Amino acid sequence: MKAVIKCVDRLKPAKILLLGTSTKMVDKIAERLTLPAIKEYVLIEQIASEKEIRKARRMRTQHSKHVIPAPTIEVRKSLPETIIDPIQVFLRRKGYQGNRGWLEQSIVRPTFTMYGRLSISQGALGAIATHAAAAVPGVVEVKRSNIIRSEQEVTVEIEVILDITSKITDTSRDIQSKIKKYIETMTGLSIKSINVTVAGIKVQEIV
């Protein structure tokens with residue numbers, strides 16, 4: 001627990017996702033990690049069907065595995081099925097008489113239906129970035145886009161031609177903002193940085 005607290009203090013993340021079997025458990029985890037008050041609770045009923053919930057409960061009671069529904073998009077280059085194996089149950093329910101013992105597995109699967117997972121290619125991400133940049137007023141042409149993926153984040157490099165009437169700094173910031181919004185909204189991936197290169201200025205012909 002102390003190691004986790006130190007890690008959070010060092011990384012200073014903007015957001016933290018806590019997973020628990022109840023809001024009470026999540027509150028206890030937040031309290032033990034000395035985190036601020038929780039701003040939003042997302043209940044399993046909001047993201048999973050009754051059938052999926054029953055299947056998850058069966059996996060826990062029969063196989064001692066917590067099944068966590070991940071997005072249907074692969075948000076990392078490779079997402080291992082077992083994130084922690086095993087994980088110690090440090091918030092055991094009071095009076096629990098089950099025979100699972102103190103160790104359980106935490107399993108991450110793209111969907112409960114087990115159809116597999118979807119991956120987003122570099123080309124698809126580049127196409128999204130190009131489309132987003134082209135939608136910004138003042139952008140005449142997108143010359144090139146390049147995507148660099150790390151373990152959990154994406155860096156976008158994009159080269160554009162701007163109209164001569166554009167303010168380069170303002171338009172470049174608009175491009176960054178639009179690309180960030182498009183990629184994060186459409187894919188769930190986190191943006192590390194967006195580097196915009198203005199390769200040229202073009203005078204638009206008046207028809």
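All of the points below concern the structure found in this document. Since the structure is predicted, the reported quantities are computational estimates derived from the model, not experimental observations.

### Points about the sheet that holds strand E4 (residues 139–149)
1) Next: Strand order across the open sheet formed by three strands is E4-E5-E6, with mixed pairing between neighbours. Either end of the sheet is taken by a strand with one partner, and the two such strands are E4 and strand E6 (190–202). Strand-to-strand twist of the sheet, defined as the mean angle between neighbouring strand axes without regard to direction, takes the value 15°.
2) Next: As defined by bridge partners, strand E5 (residues 153–163) adjoins E6 across 11 bridges and the pair is classed as parallel.

### Regarding helix H2 (residues 23–32)
Side chains three or four residues apart in an α-helix point the same way, a direct result of the helix having 3.6 residues per turn.
1) Next: For H2, the set of buried residues is Met25, Val26, Ile29 and Ala30. Angularly, the buried residues of H2 cover 140° about the axis, an arc narrow enough to put them on a single face. Among the exposed residues of H2, those oriented more than 90 degrees off its buried face are Lys24 and Glu31.
2) Next: Note on H2: the residue one or two positions beyond its end, Thr34, has a positive phi of about 55°.

### Points about helix H5 (residues 122–134)
1) Next: Taking 1.5 Å of rise per residue, 13 residues should cover 18 Å, and H5 covers 18 Å from first to last C-alpha, within 8% of that figure.
2) Next: Where H5 is buried, its residues meet E4, E5 and helix H6 (168–187).

### Remarks on the pattern of salt bridges
1) Next: The tally for this structure, following the rule as stated, stands at three salt bridges.
2) Next: Salt-bridge contacts for Asp170 lead to Arg173; the nearest nitrogen and oxygen are separated by 3.5 Å. Note that Asp170 and Arg173 are positioned in helix H6 at a spacing of three residues, about one turn of the helix.
3) Next: The exposed category is assigned to Arg173, whose relative accessible area is 52%.
4) Next: For the salt bridge of Lys180 with Glu184, the shortest nitrogen-to-oxygen distance reads 2.9 Å. With Lys180 and Glu184 both in helix H6 and four residues apart, this pair spans about one turn of that helix.

### Focus: the packing of H5 against H6
1) Next: Across the interface, H5 lies against H6 with an axial gap of 8 Å and an inter-helix angle of 135°. As the angle between them shows, H5 and H6 are arranged oblique. Classified by chirality, the crossing of H6 by H5 is right-handed. Along its contact with H5, which presents Leu125, Ile128, Ala129, His131, Ala132 and Ala133, the element H6 presents Ile175, Lys178, Ile179, Tyr182, Ile183, Met186 and Thr187.
2) Next: Here the residues of the contact of H5 with H6 sort into 10 nonpolar, two polar and one charged.

### Description of the side chain of Thr155
1) Next: Tracing the backbone through its elements, the reader meets Thr155 in strand E5.
2) Next: If near-sequence neighbours (up to four positions away) are discounted, Thr155 is found in contact with Asn146, Ile147, Ile148, Lys192, Ser193 and Asn195.

Criteria and thresholds
- Residues numbered from 1 in each chain as written.
- Predicted model: local features only at pLDDT ≥ 70, side-chain atom pairs only at ≥ 80, totals over all residues.
- Heavy atoms only, no water.
- Pairing = 2+ DSSP bridges.
- Helix = DSSP H or I, 4+ residues; strand = E, 2+ residues; numbered from the N terminus.
- Axes fitted to C-alpha atoms, helices over the stretch in contact; angles between N-to-C directions.
- Buried < 20%, exposed > 50% of the residue type's maximum accessible area, 1.4 Å probe, protein only.
- Arc of directions from axis to C-beta.
- Expected span 1.5 Å × (residues − 1).
- Contact = heavy atoms within 4.5 Å.
- Salt bridge = Lys/Arg side-chain N within 4 Å of Asp/Glu carboxyl O.
- Parallel < 35°, antiparallel > 145°, perpendicular 65-115°, else oblique.
- Left-handed = near helix turned anticlockwise from the far one by under 90°.
- Nonpolar A, V, L, I, M, F, W, Y, C, P; charged D, E, K, R; others polar.

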